[in-house]
Amino acid sequence: MMIRRVWNWVDDRAGLSAIHAFLQHKAVPVHSSTLWYYFGGITLFLFVIQVLTGVLLLLYYRPTPNEAFESVQFIVTRVEFGWLVRSIHSWSANLMVLAALIHMFSVFFLRSYRQPRELTWFSGMFLLFLTLMFGFSGYLLPWNTLAYFATKVGTDMAGAVPVIGGFVRRFLRGGEEVTGATLTRFFGFHVAVLPGLTTILLLIHLALVQKWGMSSPQRGGGKPVPTMPFFPNFVLREMMAWYGALAVLGSLAALFPWELGAKADPFISAPAGIRPEWYFLAVFYTLKLIPSKIAIFDGEVLGILFFGLCAAAWMLIPFWDRRSAEEERHRLLTGAGVFIIAYLVVFSALGYWR
Amino acid sequence: MTADPESGARRGLIRLLLGSGFGASVLSFLYPAVKFMTPPEVAESSVNQVSAGKVTDLKPNSARIFRFGSKPALLVRTAAGEFRAFSAACTHLNCTVQYSDQSRQIWCACHNGQFDMNGKVVGGPPPRPLEQFTVHLQGEDVVVTRS
């Protein structure tokens, strides 16, 4: 009775009934691939976890070369549940990248980017880029050896891009070398610039999903796709998926606490076995294999340009995949997607073990 | 109802003025912000010579990293007892190299670049040789000079 009265009071002032009525009319397509729809929501859920645990870490973290490592060490050894909060933040970052990649490939294989959802695809691709930048900038913050050299290599890769590379490298590093200026800069990117941009893009992405609804798979003969109500049916299922993600995250964070490693020292050699985070491993291993010179060009420059062109082509798929736009099947494109996944898996594994 | 051409031209002019004023405002905000974010040029300390330690600090077939100004450099004592010094920044992607006493080569752990005792690339992806410095012995001191 009390709840009803509160609801009515708020409803009279905020118009909640309209939102409720709207949600009851919203429908989600039901088909054999509906499962993949949940990964967008899981990515969002993990982003929220990142924000919450990130805010907690901010209470103790200090972004200077003399204090960063020690402050993270303090968090994981002295602060109650500090090890857990930091471990959840690190594991959640990795799971978020994984969920975003699964979400992207499911959108690709279901051709959900086709008209009129091109902008949803573009905003999603920018969000994935921002997620990777979150990972790259956050990786440096504990100021440990692995992070230091990963940042050196990563920023130098940006520097290999012709014409603008030198400027981008200086901009990212805050100078010529990876120093305390880089740490301060990456901290600013990680806790202010990237969250701001991500929030704006996320709102655009969600508004577009809202506007066009969830995409139905391609179907010959224009047969109607069965649906289920968004609220409560889909929302309850999505929440179960979030619980599942939370169980996986909690187990990983508790059973495999994220290691801190040794403090960064710019005057030691890169240690043997050094490698980047798993989502950069395929690129890392490919760059290892490219010879120093291809014709008259530096191999690394050609490699980086090649990856850049592939990423641009991938992003622009809605423009050049005309067959899917015409609701035709495109087996060659599906084959290309399978090939890309196989390449990423095999080269990441080789990068990890070799 | 007919459109008044004079009124249309006036509207166009007002749109142009408002639009260019808005554009100029945005640029005038962005320009200082971008300049602020671009790190200022800091003159490199012109270190051309440093002491890299004592002769007795290194056994034959070993090496150590030392500071050459603000950058890491590698001092190697070859198996024959000779001293060599190089910039420790790999020419591939800027990782810091190390000396392998097994292969008796300079090696980069990041992408498996390999260099010989003259800094020349002998394996892996590095596109250029390592910068080599000149080493002098002044009594017990190992002095490294940029060539």
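Rules used throughout
- Residues numbered from 1 in each chain as written.
- Chains lettered and ligands numbered in written order.
- Predicted model: local features only at pLDDT ≥ 70, side-chain atom pairs only at ≥ 80, totals over all residues.
- Heavy atoms only, no water.
- Helix = DSSP H or I, 4+ residues; strand = E, 2+ residues; numbered from the N terminus.
- Buried < 20%, exposed > 50% of the residue type's maximum accessible area, 1.4 Å probe, protein only.
- Lys, Arg positive; Asp, Glu negative; His and termini not counted.
- Salt bridge = Lys/Arg side-chain N within 4 Å of Asp/Glu carboxyl O.
- Pairing = 2+ DSSP bridges.
- Axes fitted to C-alpha atoms, helices over the stretch in contact; angles between N-to-C directions.
- Disulfide = S-S within 2.5 Å.
- Contact = heavy atoms within 4.5 Å.
- Buried area = accessible area lost by both parts, 1.4 Å probe.
- Polar contact = N/O pair within 3.5 Å; in protein donor to acceptor, adjacent residues only side chain to side chain.
- Nonpolar A, V, L, I, M, F, W, Y, C, P; charged D, E, K, R; others polar.
- Phe/Tyr/Trp six-rings, centres within 6.5 Å; stacked < 30°, edge-to-face > 60°.
- Lys NZ or Arg CZ within 6 Å of the ring centre and 35° of its normal.

### Topic: the side chain of Lys288 of chain A
For step 1, the next point in the chain: Summarising the element assignment, Lys288 of chain A is placed in helix α11 (residues 281-289).
For step 2, the next point in the chain: Of the side chains bearing the opposite charge, Glu300 of chain A lies closest to the buried Lys288 of chain A, which forms no salt bridge; the N-O distance is 15 Å.

### What to know about the sheet that holds strand β6 (residues 105-108) of chain B
Residues and elements named next belong to chain B.
For step 1, the next point in the chain: Within the open sheet, the four strands sit side by side as β5-β6-β7-β8. Their pairing is antiparallel. Looking at the sheet topology across the chains shown, the edges are occupied by β5 (98-100) and β8 (121-123). Strand-to-strand twist across the sheet, computed as the mean angle between neighbouring axes with direction ignored, equals 40 degrees.
For step 2, the next point in the chain: Note: β6 against strand β7 (residues 113-115), three bridges, orientation antiparallel. Bridge pairing in β7 places Ile106 opposite Phe115.

### Points about the pattern of salt bridges
Residue and element names in this part refer to chain A.
For step 1, the next point in the chain: Per the counting criterion, the structure on display carries twelve salt bridges over all chains.
For step 2, the next point in the chain: Close ionic contact of Asp156 with Arg169 constitutes a salt bridge, the shortest N to O distance being 3.1 Å. Of the two residues, Asp156 sits in helix α7 (residues 145-159) while Arg169 sits in helix α8 (residues 165-173), which places them 13 residues apart along the sequence.
For step 3, the next point in the chain: Judged by its relative accessible area of 9%, Asp156 is buried.
For step 4, the next point in the chain: Exposure remark for Arg169: the relative accessible area of 24% places this residue in the partly exposed category.

### Observations regarding the state of the cysteines
Residues and elements named next belong to chain B.
For step 1, the next point in the chain: One pass over the structure, following the stated rule, counts one disulfide over all chains.
For step 2, the next point in the chain: For Cys95, the disulfide goes to Cys110, at an S-S distance of 1.9 Å. Here the S-S torsion is close to -70 degrees, and the disulfide linking Cys95 with Cys110 is therefore left-handed. Of the two residues, Cys95 sits in the loop between β4 (83-87) and β5 while Cys110 sits in the loop between β6 and β7, which places them 15 residues apart along the sequence.
For step 3, the next point in the chain: Residue classification places Cys110 among the buried positions, given a relative accessible area of 3%.
For step 4, the next point in the chain: Free of any disulfide, Cys90 has its nearest neighbouring cysteine sulfur in Cys108, separated by 4.0 Å.
For step 5, the next point in the chain: Owing to a relative accessible area of 5%, Cys90 belongs among the buried residues under this scheme.

### Overview of unusual backbone geometry
For step 1, the next point in the chain: For the bond running from Gln115 of chain A to Pro116 of chain A, omega is 10 degrees, close enough to zero to count as cis.
For step 2, the next point in the chain: Turning to its location among the elements, Pro116 of chain A is positioned in the loop between α5 (82-109) and α6 (118-140).
For step 3, the next point in the chain: Cis geometry is adopted by the peptide bond preceding Pro232 of chain A, which originates at Phe231 of chain A and carries an omega value of 5 degrees.
For step 4, the next point in the chain: The phi angle at Val163 of chain A is positive, at roughly 70 degrees, despite the residue not being glycine.
For step 5, the next point in the chain: Within the fold, Val163 of chain A resides in the loop between α7 and α8.
For step 6, the next point in the chain: When its relative accessible area of 85% is taken as the criterion, Val163 of chain A is described as exposed.
For step 7, the next point in the chain: Phi angles above zero are rare outside glycine, and Asn112 of chain B is one such case at about 65 degrees.

### Some remarks on the interface of chain A and chain B
For step 1, the next point in the chain: Between chain A and chain B, the contact holds 31 residues from the first and 30 residues from the second.
For step 2, the next point in the chain: Summed over both sides, the interface between chain A and chain B buries roughly 2,500 Å², with carbon and sulfur atoms accounting for 59% of that surface.
For step 3, the next point in the chain: Three residues stand out in chain A for area buried against chain B, namely Arg170, Phe267 and Glu300 of chain A, and they jointly supply 25% of the buried area on that side.
For step 4, the next point in the chain: Measuring nitrogen to oxygen at the nearest pair gives 3.1 Å for the salt bridge that ties Arg128 of chain B to Asp298 of chain A.
For step 5, the next point in the chain: Here chain A is connected to chain B by eight residue pairs in polar contact (both at pLDDT 80 or more).
For step 6, the next point in the chain: Elements represented by at least two residues in the side of chain A that touches chain B include exactly α7, α8 and α11 of chain A.
For step 7, the next point in the chain: Here the side of chain A that touches chain B gets five residues from one element, more than from any other, and that element is α7 of chain A.
For step 8, the next point in the chain: Partitioned by chemical class, the residues of the side of chain A that touches chain B number 16 nonpolar, four polar and eleven charged.

### Focus: the packing of aromatic side chains
Residue and element names in this part refer to chain A.
For step 1, the next point in the chain: Scanning the entire structure with this criterion turns up 31 aromatic pairs over all chains.
For step 2, the next point in the chain: Measuring from ring centre to ring centre gives 5.0 Å for Tyr38 and Phe234, while their planes differ by 10 degrees; the resulting arrangement is stacked. Taken together, the positions of Tyr38 in helix α3 (residues 38-58) and Phe234 in helix α10 (residues 230-255) put the pair 196 residues apart, joining distant regions of the chain. Just as Tyr38 is buried, Phe234 falls in that class too.
For step 3, the next point in the chain: Both rings, one in Tyr61 and one in Phe187, keep their centres 5.6 Å apart while their planes meet at 35 degrees; by these two values the pair is tilted. Here Tyr61 is found in the loop between α3 and α4 (68-77), whereas its partner Phe187 is found in helix α9 (residues 180-212), with 126 residues between them in sequence. Considered together, Tyr61 and Phe187 belong to a single accessibility category, that of buried residues.
For step 4, the next point in the chain: Geometry around Phe108 places Arg111 over its ring, the cationic atom sitting 5.3 Å from the centre.

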